[in-house]
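Examination of the molecular architecture
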Amino acid sequence: MPDRRGRDDRDSQTERTMEDVLTEVERKMGQSIEAMRRDISTLRTGRATPALIEDMSVDYYGTPTPLKQIASISAPDARAIMVQPWDRQALRDIERSLTQSEMGFNPSNDGNVITVPIPPLTQERRREMVRLLKRKAEDSKVAVRNVRRDGVDSLRKMERDKDISQDESRRSQDTLQKTTDAHIKSIDEVAAGKEAEIMEV
């Protein structure tokens, strides 16, 4: 009898460990999607949005600093972004960073505020953006599948070590597959939404 309690403890510990693997997988897959969302927010669409430039690095007193940390950024209309630095000394550095970015911006500076006109995208540029978007979505799917593979490896090791039964391992792997499918579907939905934005004239 005395070792019955010990086995129950071990069982609950095993359950927690399996749960840990599944929870960790879900968390990491979620992070992959969030990283993709952040990444594609910088892809140009036909309209102005602060996300296009807010994470751009500016050499601020010798330190590379994200633009959103040193200025207020707004998009008063669909064709321009306004940047108002909190420190007017930074105007020139911000303007330089915008001009040198690969987005092809042509900012103007009135001594207080920088205006960044957003030229309309050509059809060819839109198609380029969509190709880049698809590549980023594919990278995100690969990251999700890698997380799944690591999760399966962990479960199989637990099964080999007799920490979990074959049935538990199989059930957990089924759960992993469903989690993976759901996250891949989310990636497709996010990418489709962004593609519609890019192609919108």
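Residues numbered from 1 in each chain as written. Predicted model: local features only at pLDDT ≥ 70, side-chain atom pairs only at ≥ 80, totals over all residues. Heavy atoms only, no water.

1. Points about the nonpolar core
Membership of the largest hydrophobic core comes to 25 residues, with the highest contact counts inside it found for Met36 and Leu155. Tallying contributions element by element places helix α3 (residues 123-160) first for this core, with nine residues. Counting 20 residues, the second-largest nonpolar core is a separate cluster that includes Val58, Leu67, Leu98 and Phe105. (Core = buried A, V, L, I, M, F, W, Y, C linked by side-chain atoms within 4.5 Å. Buried < 20%, exposed > 50% of the residue type's maximum accessible area, 1.4 Å probe, protein only. Helix = DSSP H or I, 4+ residues; strand = E, 2+ residues; numbered from the N terminus.)

2. Re the sheet that holds strand β5 (residues 108-109)
Taken together, the four strands give an open sheet; going across it, the order is β3-β4-β6-β5, and neighbouring strands pair in antiparallel fashion. Every interior strand has two partners, whereas the edge strands, β3 (71-77) and β5, have only one. Judged from the five bridges that link them, β3 and strand β4 (residues 80-85) form a sheet pairing that is antiparallel. For Ser72, the partnering residue across the bridge sits in β4 and is Gln84. Packing of helix α2 (residues 91-100) onto the sheet brings it into contact with β3, β4, β5 and β6 (114-117), and relative to β6 it is tilted by some 10°. (Pairing = 2+ DSSP bridges. Contact = heavy atoms within 4.5 Å. Axes fitted to C-alpha atoms, helices over the stretch in contact; angles between N-to-C directions.)

3. Here we look at α3
Between its first and last C-alpha, α3 extends 55 Å over 38 residues, near the 56 Å set by a 1.5 Å rise per residue. Directly beyond the C-terminal end of α3, a positive phi value near 65° is found at Lys162. (Expected span 1.5 Å × (residues − 1).)

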